[in-house]
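Commentary on secondary and tertiary structure
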Amino acid sequence: MIPISDLTKQHAPIRKEIEKALAQILDNCDFILGKESQLLEKDVSSYCEVKFAVGVSNGTDAIRLALVVLGIKPGDGVICPAFTYYATAGAVSSIGAIPVFCDINPETYTISIPDLEKILNKKSKISIKAVIPVHLYGQCADMDPILKIARKYKIAVIEDNAQAFGAKYKNKFAGTIGDCGTLSFYPGKNLGACGDAGMVLTNRQDVYEKILLYRNQGNKEKYFHTVLGFNHRMDTIQAAILRIKLKYIDKWNRKRVQIASYFDKGLKNTGIHIPKVAGYNTHIYHQYVLRMNTSSDNLIAYLRENGIDARVYYPVPLHLQECFKYLGYVEGDFPVSEEASKNILAIPVYPDLTPVECRHIIKTIKEFLCRKK
């Protein structure tokens, strides 16, 4: 089986570096918010060309912290795409705020600009205070019109950059454009830890200082708590691993782009829709996502029969998830999101794919399409 991702291959050439870093942490017993955590924050802020970076426990908690420090309260509305991973809206609900779902652009799968303005224009009992554009699959949402709309309606902008670390929007790094950006370092991400970890990026001094306070039990000085904070600190072990991997991220992302280009050429004129890269973006292909004109289930099954992992990210849009039933959305509310959940599929695109494996993937997809004819 060619897996959707293969961390064993990624870790093999850097294993000794990782083991050496872990040994030093074990010797120093420097486990939480240690020296490596502080160095990682400096490394990431430098890499992303952003003033501040704060390491936290995971990507979901990064969104939660961003919402809290930007003043989002229980009962406030926060707009997020209906088509993304649960964590975006889950973080909103976790602080008592209300997810307000929005449809997506059918080509990039990021938040729909017309639908965003339509929601904000509509009279509602919910007071909307923020929007979370998600940079999905490895490329950015269209941030300039989002920021313009946000200024017009006086709402905060939090970039969910769990899937696009290293991507750029008009020469600005993803996650550095809004009031703050959030990162996930879940192991399967392009830059992934060996456990849970996340980060908040911002150019605002006030946001930075509040994130530092709220991530660490609400205290600047131990045992003296000035706000009701959280235990959302980053483990030093994960920070050390991420510092090592950060040295290789550009190389790995370039390899993903090369593989994606090979797939683009191999699948051109087959009738299957290859990823659309917006002209204002670079794409780092956290996922390489294809779209069919009908259900993708049969192609997924055929690929798996032929030793290729393929899957749908995401098979149920958020507005139709059981946990969000209380919001009152029904099927048909976000047709683009609903169609995407049925017709798309992701194929392996990780940097360690071999040419033989890439050829096998293309060949198998073409075989399936020929059989359908």
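The present account deals with the structure reproduced in this document. (Residues numbered from 1 in each chain as written. Predicted model: local features only at pLDDT ≥ 70, side-chain atom pairs only at ≥ 80, totals over all residues. Heavy atoms only, no water.)

The next subject is the layout of surface pockets. Approximately 650 Å³ is the volume attributed to the largest pocket. In terms of lining residues, the largest pocket is bounded by 30 residues, among which Tyr85, Tyr186, Lys189, His286 and Tyr314 are the most central. The set of elements that each furnish at least two residues to the lining of the largest pocket consists of α4 (59-69) and α5 (86-94). Considering every element that reaches the lining of the largest pocket, the biggest residue donor is α4, with three residues. The volume enclosed by the second largest pocket comes to roughly 360 Å³. (1 Å grid on protein atoms, 1.4 Å probe; cavity = no way out; pocket = protein on both sides within 12 Å on 5 of 7 lines; lining within 4 Å. Points joined across faces, edges and corners; volume = space filled by probe spheres on them. Helix = DSSP H or I, 4+ residues; strand = E, 2+ residues; numbered from the N terminus.)

Turning to the sheet that holds strand β8 (residues 180-184), a few remarks are in order. Overall, mixed pairing links the seven strands, which are arranged β1-β9-β8-β5-β4-β2-β3 in an open sheet. At either margin of the open sheet sits one strand with a lone partner, and together these are β1 (52-56) and β3 (98-102). Across the sheet, the mean angle from the axis of one strand to that of its neighbour is 25°, orientation sign disregarded. Where strand β4 (residues 128-131) and strand β5 (residues 156-160) come together, two bridges link them in parallel fashion. Within the sheet, the bridge partner assigned to Val131 lies in β5 and is Val157. Running at roughly 135° to β1, helix α3 (residues 35-48) makes contact with β1, β8 and β9 (198-202) of the sheet. Packing of helix α8 (residues 205-215) onto the sheet brings it into contact with β1, β8 and β9, and relative to β1 it is tilted by some 15°. (Pairing = 2+ DSSP bridges. Axes fitted to C-alpha atoms, helices over the stretch in contact; angles between N-to-C directions. Contact = heavy atoms within 4.5 Å.)

With that out of the way, let us pick up the packing of helix α2 (residues 15-28) against helix α9 (residues 236-246). Two elements in contact, α2 and α9, have axes separated by 10 Å at closest approach and are oriented at 150°. Judged by the inter-axis angle, α2 sits roughly antiparallel to α9. At the point where α2 passes α9, the crossing takes the right-handed sense. Contact residues: Glu17, Ile18, Ala21, Leu22 and Ile25 in α2; Thr236, Ile237, Ala240, Ile241 and Ile244 in α9. Tallied by class, residues from the contact of α2 with α9 come to eight nonpolar, one polar and one charged. (Parallel < 35°, antiparallel > 145°, perpendicular 65-115°, else oblique. Left-handed = near helix turned anticlockwise from the far one by under 90°. Nonpolar A, V, L, I, M, F, W, Y, C, P; charged D, E, K, R; others polar.)

It is worth spelling out the packing of aromatic side chains at this point. The full count for this structure, using the stated rule, is 20 aromatic pairs. Pairing Tyr85 with Tyr314 gives two aromatic rings, centres 6.1 Å apart and planes at 40°, and the pair type is tilted. Highlighted residues: Tyr85 in the loop between β2 (77-81) and α5 and Tyr314 in the loop between α11 (297-305) and α12 (335-343), separated in sequence by 229 residues. When the centroid spacing of 6.3 Å and the interplanar angle of 55° are considered together, the rings of Tyr262 and Phe263 count as tilted. One aromatic cluster is present, formed by Phe83, Tyr85, Tyr109, Tyr137, Tyr313 and Tyr314 through successive ring pairs. (Phe/Tyr/Trp six-rings, centres within 6.5 Å; stacked < 30°, edge-to-face > 60°.)

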